[in-house]
Amino acid sequence: QSALTQPRSVAGSPGQSVTISCTGTSSDVGGNNFVSWYQQYPGKAPKLMIYEVSKRPSGVPDRFSGSKSGNTASLTISGLQAEDEADYHCYSYAGSYTWVFGGGTKLTVL
Amino acid sequence: EVHLLESGGGLVQPGGSLRLSCAASGFTFSNYAMSWVRQAPGKGLEWVSGISASGGHTYYADSVKGRFSISRDNSRDTLYLQMNSLRAEDTAVYYCAKRGGYGDYTVDYWGQGTLVTVSS
């Protein structure tokens, strides 16, 4: 049950696109399509942004998109806005009804 | 509207015990699997434990196996986490989380969390 690997921080200017990676193993990210992404503001509960690799819950802007290649999942935020500045966490099913998170990535909008 | 309200956190000495509760509302609690997730200060999220909708199946992270016990009372719409033999590294905000709104493998709603501090 090792944590997934995310960059500690990424940054982009308003209007630009940024991509956050999430690298696991064939036992988790690479072994199923149950990867989710959560947005978290300081002191607040996480919010679901992407589920099952690339699906968006209702109400989440289409500026947020997800993808996966091999053992690495990615969250892309296009048309960056100031309100996107937050922490982003990836989350994957790891088999036998266990789950694993990434260490979280702090997104800074310059 | 889904609402999850955790309680029971606080300061406890190493080796001590604490029981967290999570009161659920706004959905049919007995239909959904639930989880506990924690976040140590300044750190990422960590999945701690999960339980099936009926309560018949429970699952734990290796870091808490044998020390923590998850349970639920579907008649009271409440989820519990009994934490024994607490260690300093268990210090974290503990979140109650609902699964199933977007497939059984996805957490779709979170509570606001309750802080557990293990310190002498």
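Please refer to the structure higher up on the page.
Just so we're clear, the structure is a prediction, and the values are computed from it rather than from any experiment.

What counts and how
- Residues numbered from 1 in each chain as written.
- Chains lettered and ligands numbered in written order.
- Predicted model: local features only at pLDDT ≥ 70, side-chain atom pairs only at ≥ 80, totals over all residues.
- Heavy atoms only, no water.
- Helix = DSSP H or I, 4+ residues; strand = E, 2+ residues; numbered from the N terminus.
- Rg over C-alpha atoms; globule rule 2.2 N^0.38 Å.
- Buried < 20%, exposed > 50% of the residue type's maximum accessible area, 1.4 Å probe, protein only.
- Core = buried A, V, L, I, M, F, W, Y, C linked by side-chain atoms within 4.5 Å.
- Contact = heavy atoms within 4.5 Å.
- Disulfide = S-S within 2.5 Å.
- 1 Å grid on protein atoms, 1.4 Å probe; cavity = no way out; pocket = protein on both sides within 12 Å on 5 of 7 lines; lining within 4 Å.
- Points joined across faces, edges and corners; volume = space filled by probe spheres on them.
- Nonpolar A, V, L, I, M, F, W, Y, C, P; charged D, E, K, R; others polar.
- Buried area = accessible area lost by both parts, 1.4 Å probe.
- Salt bridge = Lys/Arg side-chain N within 4 Å of Asp/Glu carboxyl O.
- Polar contact = N/O pair within 3.5 Å; in protein donor to acceptor, adjacent residues only side chain to side chain.
- Phe/Tyr/Trp six-rings, centres within 6.5 Å; stacked < 30°, edge-to-face > 60°.
- Lys NZ or Arg CZ within 6 Å of the ring centre and 35° of its normal.

Trainee: Account for the overall build of chain A, with residues named and values stated.
Mentor: Scanning chain A from N- to C-terminus turns up zero helices and nine strands. In chain A, the order of α-helices and β-strands from amino to carboxyl end is β-β-β-β-β-β-β-β-β. In terms of overall size, chain A behaves like a compact globule, its C-alpha atoms giving a radius of gyration of 13 Å where 110 residues would be expected to give roughly 13 Å. Within chain A, buried positions represent 47% of all 110 residues.

Trainee: So what's going on with the nonpolar core? Which residues, and what values?
Mentor: The biggest cluster of nonpolar side chains holds 26 residues, and the ones touching the most others in it are B:Trp36, B:Leu79, B:Leu81, B:Met83 and B:Tyr94. Secondary structure elements with two or more residues in this core: β3 (18-25), β4 (34-39), β5 (45-51), β7 (68-73), β8 (78-83), β9 (92-100) and β11 (114-118) of chain B. Among the elements that line this core, the one with the most residues is β3(B), at four residues. If near-sequence neighbours (up to four positions away) are discounted, B:Leu79 is found in contact with B:Leu20, B:Ser21, B:Cys22, B:Phe29, B:Met34, B:Ser35, B:Trp36, B:Ile51, B:Ile70, B:Ser71, B:Arg72 and B:Cys96. Counting residues in each nonpolar core, the second largest holds 23 residues, with A:Leu4, A:Leu75, A:Ala86 and A:Val100 among its members.

Trainee: Can you tell me about the state of the cysteines, naming the residues and giving the values?
Mentor: Evaluated as defined, the whole model comprises two disulfides over all chains. Bridging A:Cys22 to A:Cys90, the disulfide has an S-S length of 2.1 Å. The S-S bond linking A:Cys22 to A:Cys90 shows a torsion near 80 degrees; that makes this disulfide right-handed. Placement of the pair is A:Cys22 in strand β2 (residues 18-23) and A:Cys90 in strand β7 (residues 86-93), with a sequence separation of 68 residues. By the burial criterion, A:Cys22 is buried, and A:Cys90 matches it. The partner cysteine of B:Cys22 in its disulfide is B:Cys96, sulfur to sulfur 2.1 Å.

Trainee: A description of the layout of surface pockets should follow, citing residues and the corresponding values.
Mentor: Looking at the largest pocket, its volume works out to about 430 Å³. As for the largest pocket, its lining consists of 24 residues, and the residues nearest its centre are A:Asp87, A:Gly103, B:Gly42, B:Lys43 and B:Gly44. For the lining of the largest pocket, the secondary-structure elements that each account for two or more residues are β7 and β9 (105-109) of chain A together with β9 of chain B. Classifying every residue of the lining of the largest pocket by side-chain character gives seven nonpolar, twelve polar and five charged.

Trainee: Could you give me a rundown of the interface of chain B and chain A, with the residues and numbers involved?
Mentor: Between chain B and chain A, the residue contacts involve 22 residues of the former and 23 residues of the latter. Broken down residue by residue, the surface that chain B buries against chain A is led by B:Trp47, B:Tyr102 and B:Tyr105, which jointly contribute 37%. Taken together, the connections running from chain B to chain A amount to zero salt bridges. Where chain B packs against chain A, one counts four residue pairs in polar contact (both at pLDDT 80 or more). Breaking the side of chain B that touches chain A down by element, the ones donating at least two residues are β4, β5, β6 (58-60), β9 and β10 (103-110) of chain B. A total of seven residues in the side of chain B that touches chain A trace back to one element, the largest contributor, which is β10(B). Its residues placed into classes, the side of chain B that touches chain A shows eleven nonpolar, six polar and five charged.

Trainee: Can you lay out the packing of aromatic side chains for me, pointing to particular residues and giving the numbers?
Mentor: Considering all chains together, one arrives at 19 aromatic pairs over all chains under this definition. Taken together, a centroid distance of 6.3 Å and an interplanar angle of 85 degrees make the contact between A:Phe34 and A:Tyr93 edge-to-face. Residue A:Phe34 is found in the loop between β2 and β3 (35-40), and its partner A:Tyr93 is found in strand β7; the two are separated by 59 residues along the sequence. Summarising the aromatic geometry, the rings of A:Tyr51 and B:Tyr102 are spaced 4.7 Å apart at their centres and angled 45 degrees between planes, so their arrangement reads as tilted. One end of the pair, A:Tyr51, is in the loop between β4 (47-50) and β5 (64-69); the other, B:Tyr102, is in the loop between β9 and β10, on a second chain. Residue classification places B:Tyr102 among the partly exposed positions, given a relative accessible area of 24%. Residue placement shows B:Lys98 over the ring face of B:Phe27; its charged tip is 5.5 Å from the ring centre.

Remember that the coordinates give geometry; whether it matters functionally is a separate question.
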